[in-house]
Amino acid sequence: MLMILTVSVPRALAQTQSEQDDAEDEVLDEVTVTGTQIKGAAISDALAVSVFGQQDVEAMGISSGDELLDYIPEQGQNFQTEAESEAGGINSVRGDIGAFNLRNMGTGNTLVLLNGRRMVQAAGYQTELVGGSFVPVNTVNSNAIPTMGIERVEVLRDGASAIYGADAVAGVVNTVLQTDYDGLTIGARLDSYENIPRDDQRVNIKWGHDFNQGRSNISVFADYYHRDRVRAQDDPRWANADQRWLLDEDNPWASLTSFRNDSINSGFGQFDAEDSRTGGNADPAGFTDSGGEFEVVPMSDSYCQHADAWQINEAVCGLPDGVYTHDDGRVGNVRYNLNEDRDLASELDRYNVFATFNHEFDSGTEAYTELSWYSAKTHSTRSPASTSTGVEFVIPADNYYNPFGPCGSDNRVVPDDDPDVPCEGVPLIEDYYRFVEVPRIVDNDNTTWRFLQGFRGAWQDWDWDTALVWSRAERNDNNHNRVSYTLLQEALEDTTPAAYNPFHGNVLPSNIERALVTVYRKNKTDLKMVDFKMTNAELFDLPAGPVGILLGAEYREESFVDDRDDRLDGTIQFTDVDGDTFPYVSDVAQSSPSSDSSGKRGVTSLFMEMAVPVFESLDLQAAVRYEDLSDVGDTTVGKLSFGWRPIDQLLFRGSWSEAFRAPNLITVNEGLVVRINSRTNYVCQYAVDTWEAAHEGQPDFDAAQEELNCFTGTQRQAQGAENLIPEKSTNTSAGFVWQPTNNLTLTVDFWSIKKKDTIGLFGETNHSLLDALLRIENGLNSCDTFGGNTAVGYLDVDAEDIPFYTAAGICPAGEMATINDIYANLDNRTVEGHDIGLFYGMDSAFGSWDLSLRGTFYDKYEQSAGPATQELIDASAAGVFPETFTTPTGFGDLLRQDGNQETKFNARLSWSKDAMAARVSAYYLSDFYQSSLGTQDGQEWVIPSMTTYNTSFDYRTDLFGTNTRFRFGINNLTNERAPLADRYFGYFADAHRDYGRYYYVDVRMTL
């Protein structure tokens, strides 16, 4: 069988080593590989499956499931890395997690199995960019799989919904753990990093025992892993969020604000004494600009010696807005280095325990039990919270620290007789502020347990197998040092020195503790499943051999709970100065409101698979599966595959299949979620552009721009949709396996995935563009009743604005306030490529040698727009929109864009002789470009390819009566650092790691 060949050839070539490794790598005479559920079916020769045996996994030198995925060529980006979860805050899945993403099709398109059966989804979810906006996705947590007990990892590089059900669009990853172990193995490992002060420790134990004359076995694998935190301040590359210093002077991006990832929100801020919302109307000369605004600067800054500077206290001074200028010549507020307190990776303590019990009854029936438990606790530091977009807090006139406070106040700085600041004081509106006194602290407690009880046996000519699975994942996320707006406003209204002092300059006491709270997010997912399968490998005979069949049924229940903190879900509500409250504003600074959500579904499946030998050299597989989902309807998918061996050394194989991905429970059941972002109102922008085009060179050229406000904070409202249908794909593959000699195998497979009805949001920008298009097409007809795009909500239009819209020939609209975005089946995605594999081994007088190479090459990665988005693209191409309008992005050719690499491969060379063994491996990821940086001088910002090398050396000896293996390894041998990107820490963390070289010592003792 080919699948045994791709696993067993390397093992056989290193037999001396394997024999000394307690027979952990025994070659199985007959296995059921991922891709077929018919044991021993000849069609398994023709399945495009990559198999990573225990030696392959050990050679990677890994400690976590997410690291394992990094080295698998078929795996795309890991969109749930800690270093990329900064922006999502408590809405991200934080802590110890790794996401499956085969073929870069997106999180949630890969089915994950453990010992051939589904795993529960990780507790929690986060958003991922699909089409025009971000949508919630979830995944199995790869770190919940104990790497120490892995026997092999099977990656089915094909759609397999007809075999396994929903979500197997991009393929299937099945982790097979060891069972029936007899003996005791104890291991320990220590990692030490060269570039950063991080050390990792790992201790594990593997124990098993046969009893009842070999008819019963109990096996237990336990693993503990500790990882030190990685701080941004540990390495100069990460220490400053303004990464422009890493660019050469002649770099075309060096003079731009790209790579300037620090924040305008600092502990100094900008304040407005003239605002109709508070009744403030002060612009005292020498203190503010003509609009009543001033900015705060630390006393240590040279600008506090500026002629326009005025001292607020011993920590800070004030400047009229627009005076402060940065070293690059840009005018603006004091900025804050976000990486001053950030962690790239949290401190982690992880526990994995997996236990099995197998027993064979006198009747030949076998009972098998699996128990697993995973627990991970992480502790990390995030940048301090800032105020939320669109939410400003009010410093009352009588706040103790208000520099424009009442006459006689200890902190009033303007003269009591200043006519612009009355003696009762003036309230101030804050802007661009960050609570820098304390960083946010995140404690994450993540657990998963799984229980499986199964029975298998034989009845007449049939083998049967049935099992019950119950699994649950829970995640408790506690975010400390968050700021409650309600408590903050109370502290600001205090007229005593106990009030909150926004002018502390991170030097004076601020009394921030009055406003600090801990915000929680509690998530839970459940999977309950029962199945029954019957197989007959010899149902009847054809001239070429027996026909095999499988019949099966499965029922599963899936559920999730997302419980948000009372200050986020509306239980405790805050009303801002604009009168906005829940569900548009939360009570937590820098966190959008989020309702509690929960949902569940039941899924009934009926499936059949047949293996048919057409000729002695040609085998076929046919499968069909029906699934009825209680909330989104039913679907039926099929699969056909073949294997043709014209000569013994050559096998041609191919397949056609349908696959589907059910709408995840969040997109169906999510409560109202509001996010506030600054967005362009393209109806307004059209009026401005049209006016300027008609008044070029005239005195009133700027009139529209000065009157209309086209860039405002807009509330995006989204919630679950019950009318979603499953995403469907058509998968095809064709390739060959060539084995010219017994010790050389070459595989090449071409594949294609065409998925339609991808679930997403149309997006705020697209909604605004669509409304602009509808208004342009409508002209000035029936403006009183014209609806436009009803998803866009506007404030009442000001009478002064109407002439500009009329001049543009469109019905007028006020400031854009809300966009109601609904999850929908939108766009189509096509991904095509080819995989290669090369396996070679030889024995010589100098030892046994084993060479393997696996690679994935992408030939096409395209996303085609749905009807509404295509209408916008066509309008842009036809010149309906002005040149200043954006064109919908995320469509067309996405290959090499933002981590969608063209090539990923790994190669390994192993050697063993007697008591010694060594190996070296290489991992390559091709270049891609970062689309957010646009082009300069006709060039994109290309993130170069990255190649890393790992090596290790083993020595085995008898020590204290045990078979002991010592291993010394170096990962990232050449100390390669991640290429520069315009991201939080200066690299693309979804695709690269940037820790550099590290060393490890691994000792394993077997009794």
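Note that the structure is predicted; figures quoted are calculated from it, not measured.

## Digging into the packing of helix α11 (residues 764-778) against helix α13 (residues 867-877)
- Contact pair α11 / α13: the axes reach a minimum separation of 10 Å and the direction vectors enclose 60°. With respect to their mutual orientation, α11 and α13 come out oblique. For the pair α11 and α13, the sense of crossing is left-handed. For the pair α11 and α13, the contacting residues are Asn766, Leu769, Leu770, Leu773 and Glu777 in the first and Thr869, Glu871, Leu872 and Ala875 in the second.
- A class-by-class count of the residues in the contact of α11 with α13 yields five nonpolar, two polar and two charged.

## What to know about the state of the cysteines
- The final tally for this structure, using the stated rule, is four disulfides.
- Covalently, Cys407 is tied to Cys423 through a disulfide, its sulfur atoms 1.9 Å apart. In this structure, the disulfide formed by Cys407 and Cys423 twists by about -90° around the S-S bond and is classed as left-handed. One end of the pair, Cys407, is in the loop between β21 (394-395) and β22 (428-431); the other, Cys423, is in the loop between β21 and β22, with 16 residues separating them in the sequence.
- Classification of Cys407 as partly exposed rests on a relative accessible area of 24%.
- With its sulfur 2.0 Å from that of its partner, Cys783 forms a disulfide with Cys811. Its torsion about the S-S bond being -85°, the disulfide of Cys783 and Cys811 is classed as left-handed. One end of the pair, Cys783, is in the loop between α11 and β35 (792-794); the other, Cys811, is in the loop between α12 (802-808) and β36 (816-822), with 28 residues separating them in the sequence.
- Among the residues examined, Cys783 registers a relative accessible area of 29% and is labelled partly exposed.

## A few points about the domain arrangement of the protein
- On domain assignment, one finds that the protein holds domain 1 (44-232 + 346-382 + 444-483 + 515-667 + 726-758 + 828-864 + 896-1006), domain 2 (264-338 + 389-431 + 484-514) and domain 3 (668-725 + 759-825).
- Taken over C-alpha atoms, the centre of domain 1 sits 43 Å from the centre of domain 3.
- Across the boundary between the two partners, domain 1 contributes 33 residues, which contact 28 residues of domain 3.
- For the pairing of domain 1 and domain 3, the buried interface totals around 2200 Å² over both sides, and the portion due to carbon and sulfur atoms is 49%.
- Along the contact surface separating domain 1 from domain 3 lie zero salt bridges.
- On inspection of domain 1 and its partner domain 3, the count reaches 15 residue pairs in polar contact (both at pLDDT 80 or more).
- Counting residues per element, the ones that place at least two in the side of domain 1 that touches domain 3 are β5 (133-137), β27 (597-615), α8 (665-669) and β34 (744-760).
- At five residues, the largest contribution of residues to the side of domain 1 that touches domain 3 is made by β27.
- Of the residues belonging to the side of domain 1 that touches domain 3, the class tally is 14 nonpolar, twelve polar and seven charged.

Basis of the calculations
- Residues numbered from 1 in each chain as written.
- Predicted model: local features only at pLDDT ≥ 70, side-chain atom pairs only at ≥ 80, totals over all residues.
- Heavy atoms only, no water.
- Axes fitted to C-alpha atoms, helices over the stretch in contact; angles between N-to-C directions.
- Helix = DSSP H or I, 4+ residues; strand = E, 2+ residues; numbered from the N terminus.
- Parallel < 35°, antiparallel > 145°, perpendicular 65-115°, else oblique.
- Left-handed = near helix turned anticlockwise from the far one by under 90°.
- Contact = heavy atoms within 4.5 Å.
- Nonpolar A, V, L, I, M, F, W, Y, C, P; charged D, E, K, R; others polar.
- Disulfide = S-S within 2.5 Å.
- Buried < 20%, exposed > 50% of the residue type's maximum accessible area, 1.4 Å probe, protein only.
- Domains from an automatic or database assignment.
- Buried area = accessible area lost by both parts, 1.4 Å probe.
- Salt bridge = Lys/Arg side-chain N within 4 Å of Asp/Glu carboxyl O.
- Polar contact = N/O pair within 3.5 Å; in protein donor to acceptor, adjacent residues only side chain to side chain.

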